[in-house]
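A closer look at the structure
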Amino acid sequence: RDDGPGSNIKNNLIQLLETFDIATPVEYGQKRLLIPEFQPKLISNSNGSWSEYKEKGDFEIQRWICVLDRKLPHGLLKRIQVRIMKKIFKRGRTTREFNLAQNEFLIRDTNATTLYCKSGVRSSSKVEEGREEEGIRLYIRGKVNKKRAIVS
């Protein structure tokens, strides 16, 4: 129960963590405080890899986000993860599955729309020989007949 003087302090602490995109409360079966910093570095492969999720008739959108000649701000993907989870759960969206880690996350909703995001490096032909870009790879995948659900 959230009664008493301690609950006010707890609520203020949670609000502070949310303000700086460090953590967000979610309700997924039970109330939890999602803190990406305390997650494993990568998602375990027990549920299969991202490429194995694609089914016939799915469409996919990909985006590579990077800053040339600079490193991304430390913890950027973790902050993005908190923001996305906050939006999903505060809007009352129903999430069928989510797998979270510090450097990648996968969220699938009840419309079979999947969001997968991973930080990493890649070589680029636009970058000088031997140099790599640090960035975030974003994938959105879903059923062709449910494209409208993805837009919202």
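Counting 14 residues, the largest nonpolar core has M85, F89, F98, L100, F105 and I107 as its most contacted members. Broken down by secondary-structure element, the contributors of at least two residues to this core are α2 (76-90), β4 (95-100), β5 (104-109) and β6 (114-123). For this core, the element with the most residues is α2, which contributes four residues. In this structure, M85 is in contact with T24, L34, F98, L100 and I107, ignoring residues within four places of it in sequence. In terms of nonpolar packing, the next biggest core, distinct from the first, is built from five residues, A101, L106, Y116 and Y139 among them.

By secondary structure assignment, the location of D109 is in strand β5. Of the polar contacts made by the side chain of D109, one reaches the backbone nitrogen of T113; its length is 2.9 Å. Residues in contact with D109, not counting those within four places in the same chain, are T94, T95 and R96.

Among the surface-exposed residues, L13, L16, F20 and I22 lie close enough to one another that they form a single nonpolar patch of about 400 Å² accessible area. Looking at where F20 falls in the secondary structure, it is placed in the loop between α1 (5-19) and β1 (24-28). Relative accessible area serves as the criterion here: at 52%, F20 is assigned to the exposed category.

Alignment of β1 against strand β2 (residues 30-34), held across five bridges, turns out to be antiparallel. What sits directly across from T24, in β2, is L34. Connecting the antiparallel pair β1 and β2 is a turn made up of one residue, with G29 showing a positive phi of about 85 degrees.

Attention now goes to unusual backbone geometry. Unlike most non-glycine residues, D21 shows phi in positive territory, near 55 degrees. Note on placement: D21 falls in the loop between α1 and β1. The exposure class of D21 is buried, given its relative accessible area of 10%.

Put simply, the second largest pocket is a space of about 350 Å³. Forming the boundary of the second largest pocket are 13 residues, of which I14, P25, V26, K31 and R32 lie nearest the centre. Sorting the residues of the lining of the second largest pocket by element identifies α1, β1, β2 and α2 as the ones contributing at least two each. The element best represented in the lining of the second largest pocket is α1, accounting for four residues. A class-by-class count of the residues in the lining of the second largest pocket yields five nonpolar, one polar and seven charged.

Glancing now at the pattern of salt bridges. Overall, the coordinates contain six salt bridges when judged by the stated rule. One salt bridge connects R108 with E97, and the closest N-O pair in it is separated by 3.8 Å. Residue R108 is located in strand β5, and its partner E97 is located in strand β4; the two are separated by 11 residues in the primary sequence. Three or more residues joined by partner-sharing salt bridges are found here, namely D21, R83 and K86.

Rules of the game
- By convention here, each chain's residues receive numbers from 1 onward along its written sequence.
- For a predicted model such as this one, the threshold for reporting local features is a pLDDT of at least 70, and the threshold for listing and counting side-chain atom pairs is 80 or more; totals across whole chains, interfaces and linings nevertheless cover every residue.
- As a rule here, side-chain values cover all heavy atoms of the structure and leave hydrogens and water aside.
- In these notes, a set of buried Ala, Val, Leu, Ile, Met, Phe, Trp, Tyr and Cys residues joined through side-chain atoms within 4.5 Å is what counts as a nonpolar core.
- When accessible area is computed with a 1.4 Å probe and restricted to protein chains, residues below 20% of their type maximum are described as buried, those above 50% as exposed, and intermediate ones as partly exposed.
- Secondary structure elements are defined from DSSP: runs of H or I of at least 4 residues count as helices, runs of E of at least 2 residues count as strands, and each element is numbered from the N terminus.
- Here a residue-residue contact requires only that any non-hydrogen atoms of the pair lie within 4.5 Å.
- Whenever a nitrogen or oxygen atom comes within 3.5 Å of another N or O atom, the pair is scored as a polar contact, on the condition that within protein one atom can donate a hydrogen and the other can accept it, and that pairs from neighbouring residues in sequence are kept only if both atoms are in side chains.
- Each patch is built from residues that are more than 30% exposed by relative accessible area and take part in no salt bridge. Like charges join if they lie within 9 Å; nonpolar side chains (Val, Leu, Ile, Met, Phe, Trp, Tyr) join within 5 Å.
- Per-residue accessibility takes into account occlusion by the displayed protein chains alone, with areas from the Shrake-Rupley method and a 1.4 Å probe.
- The working definition used for a salt bridge is a side-chain nitrogen of Lys or Arg within 4 Å of a carboxyl oxygen of Asp or Glu.
- Here, strands pair whenever DSSP counts at least two bridges between them.
- A cavity, in this analysis, means grid points on a 1 Å lattice covering only the protein atoms where a 1.4 Å probe fits yet has no way out; a pocket is instead an open set bounded by protein on both sides within 12 Å along at least five of seven lines, and a residue lines either one if it has an atom within 4 Å of a point.
- Grid points are joined across faces, edges and corners, and a volume is the space filled by probe spheres set on the points.
- Put simply, Ala, Val, Leu, Ile, Met, Phe, Trp, Tyr, Cys and Pro go in the nonpolar bin, Asp, Glu, Lys and Arg in the charged bin, and everything else, Gly too, in the polar bin.

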